[in-house]
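# Fold and contact review
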Amino acid sequence: MSFQKGFLWGSSTNAQQFEGAWNEGGKGVSIADVRVIPDMPEDANFEEFKIAADHYHHMEEDIALYGEMGFGVYRFTIAWSRIFPNGNDKEPNEEGIRFYERMLDELEKYKIEPVVTLYAYDLPLNLLKEYDGWMSRQCIDDYLNYVETVVTRFKGRVKFWVPFNEQNFLNLDSEYMTGYKAKDNLEIFQLEHHFNLAYARATKLIHSIDSEAKVGGNVGTSCLYPATCNPADIEACDNLLYKVCYNFGDIYFRKTYTKKYLKNVKGYDISKVLLDGDLDIIASSEPDFLSTTYYMCSVVDSKISNEDKPMNGLKGKNPYVSQTEWGWNIDPYGFKHFLTDLYHRYQLPILILENGMGHRDVVEADGSINDDYRIEYLAKHIERMREAVEDGVEIIGYLTWSATDLYSTREGFEKRYGFVHVEKDDNFKRSKKKSFYWYKKVIKTNGEDLEN
């Protein structure tokens, strides 16, 4: 069995890591432009995120490369502060609108289907200063005004919309995702609840503007294994799985707050956060598909606490698989398991938005970049994805992370993911890696030829 005709092959990027031009084209300052992470590696310079991979000035060139590879789909994120510099301006920034219009023009030229994510960790900084951003219900209204603006302007040109990127990770990293560092579980719930309300209302709003559009929530996680068959490890694994995945999938796709989810705020007075009618709003959401991201598996050990650095809970070393330089477990079977699990739980078609391997690439004397490790990683994951399809999992398309080298969220520019190399010290020159030609062949054969 093979992938169905019309299966979408492509890749993804993210504005805050890729676009640059942080103060050009009328763009306002976002939390991504001023972000500081204390424990980031010395060679990961967040000041350079303001330039990133300079996609803003290389957009036509980048999309032409995607067209050459044969992409059928491309996911990008819109920077809210490029549309509304302060987040709540009375009128949108027309220069920002035109940038994304030009991007859609280029994608249409190469017959590439756009997937647009509307929020990816780059809240307009002004909203954080005015009312603590997502801690306030006002942020929901400002977000929906932004959503209404871009969906109306791009009606008929974008089929797939994703309101939030990996919003289920908010309880692991509230400051990175919202600019606000939650003080306790009640504040985490408040942020999550406002995200959830905004997501539910956005699905309905998008459908009301464009009845042909498809909207999907996004769930990112690892495939989690207990460290041993000790029931304590299994229980710890189950609890983490619900904490970072099922609790939120149940909200986005079953459209309900489960008792297990609400246990997170047991003992708190949530009456000022969860208001009358809110659960009806959650229940009224209209998802058409499930979008997901996958990079690695993780091992959960009940004896190890990750309360101080909760993201580490998703990076427990698996002794049965190899790891990347950054300690990410390489587990293609985990990908299949994850896809099968999500599909059978939620019974919605899946659009894979991110799957990839970060690595330090070496440019040879002749200019070539032989990233066989990336090819091997992707080939094995695609093969496992094929097995999931053969087992009955409905998958719309597969997008890698990332199309072009960009800044990793914490490791900077040295941790590369793309098919296209970016040399930031040479005017951001683009050059094709070995994986560029390999993925072109994969797309042309609809996933049949995975040989290196």
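In what follows, the structure referred to is the one given above.
Given the structure is predicted, the values throughout are model-derived calculations rather than measurements. (Residues numbered from 1 in each chain as written. Predicted model: local features only at pLDDT ≥ 70, side-chain atom pairs only at ≥ 80, totals over all residues. Heavy atoms only, no water.)

## A closer look at the environment of Asn318
The topology assignment puts Asn318 in the loop between strand S8 (297-300) and helix H12 (332-346). By relative accessible area, Asn318 is classed as buried at 6%. The sequence separation of Asn318 and Tyr225 amounts to 93 residues, and the corresponding C-alpha distance is 8.7 Å. For Asn318, the residues in contact, after removing those within four places along its chain, are Tyr225, Cys297, Val299, Gln323 and Asn329. (Helix = DSSP H or I, 4+ residues; strand = E, 2+ residues; numbered from the N terminus. Buried < 20%, exposed > 50% of the residue type's maximum accessible area, 1.4 Å probe, protein only. Contact = heavy atoms within 4.5 Å.)

## Some words on the packing of aromatic side chains
Tallied over the entire structure, the rule returns 45 aromatic pairs. Between the aromatic rings of Phe49 and Tyr407, the centroid separation amounts to 4.7 Å while the plane-to-plane angle is 55 degrees, which identifies the pairing as tilted. With Phe49 in the loop between helix H1 (15-18) and helix H2 (55-69) and Tyr407 in the loop between strand S10 (395-401) and strand S11 (420-423), the pair connects residues that are 358 residues apart, well separated along the chain. For the pair Phe49 and Tyr407, one class covers both residues: buried. Note on Tyr252 and Phe253: the rings are 5.9 Å apart at their centroids and 90 degrees apart in plane angle, and the pair reads as edge-to-face. Ring pairs connect the aromatic residues Tyr56, Tyr66, Phe71, Tyr74, Phe76, Phe99, Tyr100, Phe419, Trp438 and Tyr439, which therefore count as one cluster. If you follow Arg35 out to its NZ or CZ, it ends over the ring of Tyr176, 3.7 Å from the centre. Taking the ring centre of Tyr176 as reference, the NZ or CZ of Arg410 above it sits at 4.9 Å. (Phe/Tyr/Trp six-rings, centres within 6.5 Å; stacked < 30°, edge-to-face > 60°. Lys NZ or Arg CZ within 6 Å of the ring centre and 35° of its normal.)

## Some remarks on the nonpolar core
Membership of the largest hydrophobic core comes to 144 residues, with the highest contact counts inside it found for Trp134, Tyr143 and Met385. Per-element accounting of this core gives the leading share, eleven residues, to helix H8 (residues 185-209). Look past the residues within four positions of Tyr143 in its chain and what remains in contact with it is Trp80, Leu118, Tyr119, Trp134, Pro163, Phe164, Ala198 and Ala202. By size, the runner-up hydrophobic cluster in this structure holds ten residues, among which are Val115, Phe289, Leu351 and Leu399. (Core = buried A, V, L, I, M, F, W, Y, C linked by side-chain atoms within 4.5 Å.)

## Quick word on H12
Helix length check: H12, at 15 residues, gives a terminal C-alpha distance of 22 Å against a target of 21 Å (1.5 Å per residue), a fit within 8%. For H12, the complete set of buried residues consists of Pro332, Gly334, Phe335, Lys336, Phe338, Leu339, Leu342, Tyr343, Arg345 and Tyr346. Where H12 terminates, the next one or two residues include Gln347, which has phi positive at roughly 55 degrees. (Expected span 1.5 Å × (residues − 1).)

## A closer look at the pairing of strand S3 (residues 113-117)
Extensive coverage of S3 is indicated by the burial of four of its five residues. Alignment of strand S2 (residues 73-77) against S3, held across five bridges, turns out to be parallel. Looking at S3, one finds that Phe76 is bridged to Val116. Note: S3 against strand S4 (residues 160-162), three bridges, orientation parallel. The residue bridging Thr117 from the neighbouring strand is Val162, located in S4. (Pairing = 2+ DSSP bridges.)

## What to know about the side chain of Arg416
Mapping Arg416 onto the fold places it in the loop between S10 and S11. A polar contact of 2.6 Å, which involves the side chain of Arg416, links it to the side chain of Asp405. Setting aside anything within four residues of it in sequence, one finds Arg416 in contact with Met357, Gly358, His359, Asp361, Arg374, Asp405, His421, Val422 and Lys433. (Polar contact = N/O pair within 3.5 Å; in protein donor to acceptor, adjacent residues only side chain to side chain.)

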